[in-house]
Amino acid sequence: MKAVVYDGPRQVSVKDVPDAKIERPTDVLVRITAANICGSDLHMYEGRTDFETGRWFGHENLGEVVEVGSGVDKVRVGDRVVIPFNVACGHCKNCERGLTNYCLTAQPDPAMAGAAYGFADMGPWAGGQAELLRVPWGDFNCLRLGEDSVERENDYVMLADIFPTGYHATEMAGVSPGDQTVIYGAGPVGLMAALSATIRGASKVMVVDRHPDRLRLAESIGAIAIDDSKVDPVEAVLEQTMGLGADNGCECVGYQAHDPSGNEHANDTLNKLVRSVRFTGTIGMVGVFVPQDPGAADALAKKGQVAFDFGLFWFKGQHMGSGQAPIKRYNRALRDLIAAGKAEPSFIVSHQLPLDGAPDAYTHFDARDDGWTKVVLKPAMASV
Ligand SMILES: NC(=O)c1ccc[n+]([C@@H]2O[C@H](COP(=O)([O-])OP(=O)(O)OC[C@H]3O[C@@H](n4cnc5c(N)ncnc54)[C@H](O)[C@@H]3O)[C@@H](O)[C@H]2O)c1
Ligand SMILES: [Zn+2]
Ligand SMILES: [Zn+2]
């Protein structure tokens, strides 16, 4: 089968690799029809993780079931399914509590928890930017889709990661009807957080970034765009909230946060959130931070540390939640919102391309080039 293989920093190529196949009775084999490129892939693509060359990315996957193991009860050949990026067993201590983001079985390192397809430090699982994907514990990990899943594939594929992840940011931030919410980052995840805050009834959603194309998308769903290359975003949020600050905030950027000129400051969005959110407000952090970052610009960040304004955070009595999102907690409900026409997360999609469009797409998406807001790879599409 063909897959988008990681060759080293900022290099991917489409190669023939061994076909994914059923390895255990509980596996499901999926022919991928849509696999997104994610901001999380970019941390790996840029060589800012220890992702191994020769492996392939792809954790936002949707496709058709082509084979099931003998121990699979629910999922059938021919089903169209979307697969949470978290690989989870369904029966460990964490999965039982709904924390599929920290599965203890799918992660082989006993000192760690949590697993994902095609991801650094998240187990051996192959990615879905390929023609076929092996889904372990298939009954647990596949979410079946209705007949509209071909026509609305670009909506449903967002259920593999970023729509539930954006929703999780708003859940951790406690966004409730009437709230004023600020979101740092208008990448795909920040835009999904903005959509989720709106679905949850926020009265005002403010989105901070500096890319006009991404800010326009935020405005297209009724959010207030704040361009931090033109204004101080904290001041802008305070102006919008009668000087009090937002009720809650979402961090949707991660450890490669930078100023508009491109200089990285891993603490930038965290400290701005502390200042943008009111006393006793809550912050949900889904942007990725890592325990070590040897490629970082400063000594603290190399050790995975950030100079966090903890004093102000404590003084304001704020709360914060963090970590990978437990996709399975939300994907069924969000699927039903899509099916009912009440959520249309595909508004962020800028490109759909065959697998051999991936090397070029990675270059553009990584550069946050204008107009490259979200790429969906479609392995069955004719080559470019
Ligand atoms: N927790 C999870 O489960 C989960 C899931 C998916 C993605 N993520 C993470 O979420 C983050 C965002 O993902 P994405 O796909 O939207 O990526 P992205 O890189 O496309 O988007 C990030 C956006 O943040 C903006 N930005 C950078 N520095 C900023 C700053 N200082 N202030 C305001 N905006 C700033 C960039 O201009 C960009 O538009 C990444 O770290 C990704 O790894 C986490
Ligand atoms: Zn993702
Ligand atoms: Zn588990």
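Residues numbered from 1 in each chain as written. Chains lettered and ligands numbered in written order. Predicted model: local features only at pLDDT ≥ 70, side-chain atom pairs only at ≥ 80, totals over all residues.

**Q** Describe in detail the overall build of the protein chain, supporting the description with residues and values.
**A** Within the protein chain, the secondary structure is distributed over 13 helices and 15 strands. A principal-axis box enclosing the C-alpha atoms of the protein chain has dimensions of 60 × 45 × 45 Å. Residues counted as buried form 51% of the 384 residues belonging to the protein chain. Considering only intrachain contacts with a sequence separation of at least 6, the fraction spanning at least 24 residues in the protein chain is 72%. (Helix = DSSP H or I, 4+ residues; strand = E, 2+ residues; numbered from the N terminus. Buried ≥ 20, exposed ≤ 12 C-beta atoms within 10 Å, placed from the backbone. Contact = placed C-beta atoms within 7 Å.)

**Q** An account of the environment of D209 is needed here, citing residue identities and associated values.
**A** Relative to the helices and strands, D209 is located in strand β9 (residues 204-209). Linking D209 and G187, residues 22 residues apart in sequence, is a C-alpha distance of 8.3 Å. If we ignore the near neighbours within four places in the chain, the residues touching D209 are G185, A186, G190, R214 and L215.

**Q** For the domain arrangement of the protein chain, give the residues involved together with the corresponding values.
**A** Parsing the protein chain into structural domains produces domain 1 (2-161 + 326-377) and domain 2 (162-322). Taken together, the contact pairs 24 residues of domain 1 with 23 residues of domain 2. Counted by class, the side of domain 1 that touches domain 2 contains 12 nonpolar, 7 polar and 5 charged residues. (Domains from an automatic or database assignment. Nonpolar A, V, L, I, M, F, W, Y, C, P; charged D, E, K, R; others polar.)

**Q** Tell me about the environment of L334, and name the residues and values.
**A** Relative to the helices and strands, L334 resides in helix α12 (residues 331-339). Given 26 C-beta atoms within 10 Å, L334 falls into the buried group. Through-space distance from the C-alpha of L334 to that of L133 is 23 Å; in sequence the pair is 201 residues apart. In this structure L334 touches L159, F163, P164, Y167 and A343, once residues within four positions along its chain are discounted.

**Q** Describe the sheet that holds strand β11 (residues 246-251), and please don't skip the residues or the numbers.
**A** Taken in spatial order, the 6 strands line up as β10-β9-β8-β11-β12-β13 in an open sheet, and their pairing is parallel. Unpaired on one side and paired on the other, β10 (224-227) and β13 (319-322) mark the two borders of the sheet. Recorded for the sheet is a direction-independent mean angle of 20° between the axes of neighbouring strands. Helix-sheet contacts for helix α6 (residues 188-199) involve β8 (180-184), β9 and β11, and the interaxial angle to β9 is about 175°. Running at roughly 170° to β11, helix α9 (residues 268-276) makes contact with β8, β11 and β12 (277-285) of the sheet. (Pairing = 2+ DSSP bridges. Axes fitted to C-alpha atoms, helices over the stretch in contact; angles between N-to-C directions.)

**Q** Help me get a handle on the nonpolar core, residues and values and all.
**A** Ranked by internal contacts, the top residues of the largest apolar core, which has 120 residues, are V30, V82, I183, A194, M206 and V207. Not counting residues within four places of it along the chain, the set of residues in contact with A194 comprises I183, V205, V207, A218, I221 and A223. (Core = buried A, V, L, I, M, F, W, Y, C linked by C-beta atoms within 7 Å.)

**Q** Account for the site of ligand 1, with residues named and values stated.
**A** In the neighbourhood of ligand 1, 34 residues make up the surrounding shell, with G39, S40, G185, G187 and G254 lying closest. Counting only elements with at least two residues in the shell around ligand 1, the list comes to α1 (39-45), α5 (162-172), α6, β9 and α9. Broken down by class, the residue content of the shell around ligand 1 amounts to 14 nonpolar, 13 polar and 7 charged. Composition of the shell around ligand 1 by domain shows at least three residues from each of domain 1 (2-161 + 326-377) and domain 2 (162-322). (Near = placed C-beta within 6 Å.)

**Q** Quick rundown of the pairing of strand β1 (residues 2-8)? Include the residues and the values.
**A** Bridge count between β1 and strand β2 (residues 11-16): 6 bridges; the pairing is antiparallel. Residue pairing in the sheet places G8 in a bridge with Q11 of β2.

**Q** Account for the packing of helix α8 (residues 233-240) against α9, with residues named and values stated.
**A** Two quantities define a packed helix pair, namely the angle between the axes and the distance from one axis to the other. Put simply, α8 and α9 touch, their axes get as near as 9 Å, and they point 25° apart. Taken together, α8 and α9 sit at an angle that is classed as roughly parallel. α8 and α9 meet at a crossing whose hand is right-handed. Of the residues in α9, those in contact with P233, V234 and V237 of α8 are K272, R275 and S276. (Parallel < 35°, antiparallel > 145°, perpendicular 65-115°, else oblique. Left-handed = near helix turned anticlockwise from the far one by under 90°.)

**Q** Tell me about the UniProt feature "domain: Alcohol dehydrogenase-like N-terminal" (unreviewed entry) in the protein chain, residues and numbers included.
**A** Listed under "domain: Alcohol dehydrogenase-like N-terminal" (unreviewed entry) in the UniProt record, and renumbered for this structure, are residues 25-138. The distance separating the terminal C-alpha atoms of residues 25-138 is 9 Å; by composition the span is 11% helix and 23% strand. (UniProt positions renumbered as here; feature names shortened; annotations may be inferred.)

**Q** Tell me what's going on with the packing of α5 against α6, and back it up with residues and numbers.
**A** Running from N to C, α5 and α6 point in directions that differ by 60°, and their axes come no closer than 7 Å. Relative to α6, α5 is oriented oblique. α5 and α6 meet at a crossing whose hand is right-handed. On α6, the residues that touch I162, F163, T165, G166, Y167, A169 and T170 of α5 are P188, V189, M192, A193, L195, S196 and A197. Looking at the contact of α5 with α6, its residues break down into 10 nonpolar, 4 polar and no charged.

**Q** Help me get a handle on the UniProt feature "domain: Alcohol dehydrogenase-like C-terminal" (unreviewed entry) in the protein chain, residues and values and all.
**A** Here, UniProt's "domain: Alcohol dehydrogenase-like C-terminal" (unreviewed entry) annotation points to residues 188-292. End C-alpha to end C-alpha, residues 188-292 measures 25 Å, and it is 36% helix and 24% strand.

**Q** Before we move on, can you summarise the environment of F365 with the specific residues and values?
**A** Tracing the chain through its elements places F365 in helix α13 (residues 358-366). Between the alpha carbons of F365 and G243 there is a distance of 36 Å; along the sequence they are 122 residues apart. Dropping the residues within four chain positions of it, F365 is found in contact with I37, L42, W372 and V375.

**Q** Could you give an account of α6, naming the residues involved and the relevant values?
**A** The end-to-end C-alpha distance of α6 is 16 Å, a good match for the 16 Å that 12 residues give at a rise of 1.5 Å each. With 10 of its 12 residues buried, α6 lies for the most part within the structure. Residues of α6 that are buried: P188, V189, G190, L191, M192, A193, A194, L195, S196 and A197. Those residues of α6 hidden inside the fold are in contact with α1, α5, β8, β9, α7 (212-220) and β11. One or two positions beyond α6, positive phi appears at G201, with a value near 95°. (Expected span 1.5 Å × (residues − 1).)

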